[in-house]
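Descriptive structure summary
Here is what each chain is made of, one letter per residue.
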Amino acid sequence: MPTLLDNRYRIIQTLGAGGFGETFLAEDIHMPSGRRCAIKRLKPVTNNPQYQLIKDRFQREAAILEELGEGNYQIPRLYAYFAAGDQFYLVQEWIEGETLAQMVQQQGSLSESSVREILVNLLPVLDYVHHKGIVHRDIKPANVIVRKRDTKPVLIDFGAVKETMGTIVNSEGRTISSIVIGTPGFMPSEQAIGRPLFSSDLYSLGLTAIYLLTGKLPQSLNIDRDSGEILWRQYALNVSASLLAVLDKAIQSHPSDRYTNVQEMLHALETPVSPIPPTVPYVPLPVVSPPPENTYQPSTVPSYPPEVASLQTAAVSSSQPVATRTISDSRDWQKAVILGSAIGVVILGGILFTTGKLPSFFANRSPNIENPQQAQQEAVALINRWVNSKREIFAPPFNRELAAELTTGQLYENTVGEGGSMAWLENNNAYYQYGVQKVGDIEKFTVDGDRATIEIRVTEERTLYKNGNIDPNETDFKTRLVRYTLQSVDSKWKILEYKTIREIQ
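Reading guide: rules and limits
Numbering of residues starts from 1 in every chain and runs along the sequence as written. With the structure being a predicted model, the display of local features is reserved for residues of pLDDT at least 70 and the display and counting of side-chain atom pairs for 80 or more, all residues being used for whole-chain, interface and lining totals. To get the side-chain values, take all heavy atoms of the structure and skip hydrogens and water. Paired strands, as defined in this entry, are two strands with at least two bridges between them according to DSSP. Under the scheme used here, helices are H or I runs from DSSP no shorter than 4 residues and strands are E runs no shorter than 2 residues, and both carry numbers assigned from the N terminus. Axis angles are defined between N-to-C directions and span 0 to 180 degrees, where every axis is a line fitted to C-alpha atoms and, for a helix, only to the segment in contact. By definition, residues are in contact when any of their heavy atoms lie within 4.5 Å. Centres within 6.5 Å make a pair out of two Phe, Tyr or Trp rings, where for Trp the six-membered ring is used; the pair is then stacked when the planes are under 30 degrees apart, edge-to-face when over 60, and tilted otherwise. Burial classification: accessible surface area is computed with a 1.4 Å probe over protein chains only, and a residue below 20% of its type maximum counts as buried, one above 50% as exposed, and the rest as partly exposed. Side-chain atoms alone can form a polar contact between residues adjacent in sequence; in general such a contact is a pair of N or O atoms within 3.5 Å, and within protein one must be able to donate a hydrogen while the other accepts it. Salt bridges are defined by distance alone: a side-chain nitrogen of Lys or Arg within 4 Å of a carboxyl oxygen of Asp or Glu.

Considerations on the sheet that holds strand β7 (residues 97-99)
Strand order in the open sheet formed by three strands is β7-β8-β9, and the pairing between neighbours is antiparallel. In this open sheet, the two strands that pair with only one neighbour each are β7 and β9 (153-155). Averaged over all adjacent pairs, the angle separating strand axes in this sheet is 35 degrees, with direction ignored. In this structure, β7 lies alongside strand β8 (residues 144-147), joined through three bridges in antiparallel fashion. Looking at β8, one finds that Gly97 is bridged to Arg147. The strands touched by helix α2 (residues 100-107) within the sheet are β7 and β8, with β7 carrying the most contacts at an inclination of about 85 degrees.

Here you go:
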């Protein structure tokens, strides 16, 4: 093989080889920097290839790769493509780093937190690919590179170009592929018969995650003879029940039992299996026993709000004198309890009749307003869920139900606060893709009636896609101090509006 390809690319070393061709590390001598690039050489695998047909399809697939790489920085950019003789070449961005397969081979299985981070950073990339109508078809540990400069997982080696190399024309004159795209063990049954779905990629990703957690290739795992499902949990030590459940669903043998799209899997990954709201410390109620016979028990007067106390005093003073006598048995004691409850009902009824409303301590107030610390915890929990649900809310079709669950509805219907309204996004064929999202330190929290204000640090990676293209003015990765205005709705906080106070980095 010549050391100089297309009179421009000098081969430095071979990076890998497979059934469809080889990949080389090269430098571009036409660039002042001598930019390094990865060159993939492909060769038709059939005995009687239709070269012009393959060339046309190769050009079409190269154009798709170019679009994908330009639209997402976790997909290698395509610099050039060309044909030489019976071989075809792709010149792509070289990603310096290690593949997931290399990481496991060198350091053993990864921790749950590392695997979760990889999934959370890779799923939005897959979502972007699927929104382009493309199924990757060859997701596996060797086709994900953890980039050295920012530790982001990068998705490489799309299957469509490989399929082009197997293009033939059958006896009926129809163009078909003579090969199956995918890696045995990592691809589901529907893909093996040439009918890949979006959930096929999620199946492959699930098995990739299992390999990272266990160090076991799918071929080495047993199958349940009754259900046909893969048995892998016994090799996954110290893995949470929530992640076990997510991966189990992703690798179901039947597509209808898996996640149907990336957003479902991402939401499940970020949702605790049994979410428990913050609680105040439990203080057991005192046990009340009937007083012993023939003993005098001085009465204790409970502390009431002023409006109740005054009514109680009036009720007592206007009634017959209360005799101080001994409660002789438990039946009398039970009667006293019932009588006290009845008096309470009468008192509340009097307040309601005279004022038209219950006293303020019975009113529907903001969530746990009597416990500011818990109110703050619930506010932070809401913002955490909001931030981590924005991918699902904004990805078409826009999820109004989830948005309504987290906000008052005013936020996105009336274009209040940042982010615009969902109606605007729909009318302009636009949506936001969110990457890394993190809620940090609280700088201020105040409550006023049924509203609260919280100022909190939020880190977001946000990209606006409008009519299929990235809006460069709406692409950022910043940490901001954001002021959220919350409102109590049905005794739960909901987001009314939010605004950036300042950018931190």
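Looking at the packing of aromatic side chains
Considering all chains together, one arrives at six aromatic pairs under this definition. Relative to Phe88, the ring of Phe58 lies with its centre 5.1 Å away and its plane at 55 degrees, an arrangement referred to as tilted. In this pair, Phe58 sits in helix α1 (residues 51-71) while Phe88 sits in strand β6 (residues 87-93), placing the two residues 30 residues apart along the sequence. Arranged with centres 4.8 Å apart and planes meeting at 15 degrees, the rings of Phe82 and Tyr89 form a pair that is stacked. You can call Phe82 buried: its relative accessible area is 12%. Clustering of aromatic rings is evident, with ring pairs tying together Tyr9, Phe82 and Tyr89.

Section: the side chain of Lys494
On the secondary structure map, Lys494 appears in strand β17 (residues 492-503). Owing to a relative accessible area of 19%, Lys494 belongs among the buried residues under this scheme. Within the structure, the side chain of Lys494 is placed 2.9 Å from the backbone oxygen of Ala404, a separation counted as a polar contact. If we skip the residues at most four places from it in the chain, Lys494 touches Leu382, Ala404, Glu405, Leu406, Thr407, Thr408, Thr485, Leu486, Gln487 and Val489.

A closer look at the pairing of strand β4 (residues 36-42)
Walk down a regular strand and you will see the side chains alternate between the two sheet faces. The buried count for β4 comes to six of seven residues, which makes it a mostly enclosed element. Judged from the seven bridges that link them, strand β3 (residues 21-28) and β4 form a sheet pairing that is antiparallel. Note that in β4 the partner of Leu25 across the bridge is Ala38. As judged from the six bridges shared by β4 and β6, these two strands associate in the antiparallel manner. Residue pairing in the sheet places Ala38 in a bridge with Gln92 of β6.

Remarks on the sheet that holds strand β2 (residues 9-18)
Taken together, the six strands give an open sheet; going across it, the order is β1-β2-β3-β4-β6-β5, and neighbouring strands pair in antiparallel fashion. Single-partner strands in this sheet number two, and they are β1 (4-5) and β5 (78-84). Sitting on the sheet, α1 is in contact with β4, β5 and β6, with an inclination near 5 degrees to β6.

Describing the pattern of salt bridges
Taken as a whole, this structure holds 18 salt bridges when the rule is applied. The salt bridge involving Arg41 is made with Glu22; its shortest N-O contact spans 2.0 Å. Taken together, the positions of Arg41 in strand β4 and Glu22 in strand β3 put the pair 19 residues apart, joining distant regions of the chain. Among the residues examined, Arg41 registers a relative accessible area of 15% and is labelled buried. On the accessibility criterion, Glu22 (24% relative accessible area) is partly exposed. Two residues, Glu455 and Arg483, come together in a salt bridge whose shortest N-O distance is 3.1 Å. Taken together, the residues Glu455 in strand β15 (residues 451-466) and Arg483 in strand β16 (residues 469-489) connect sequence positions 28 residues apart.

Read these as geometric descriptors, not functional statements.
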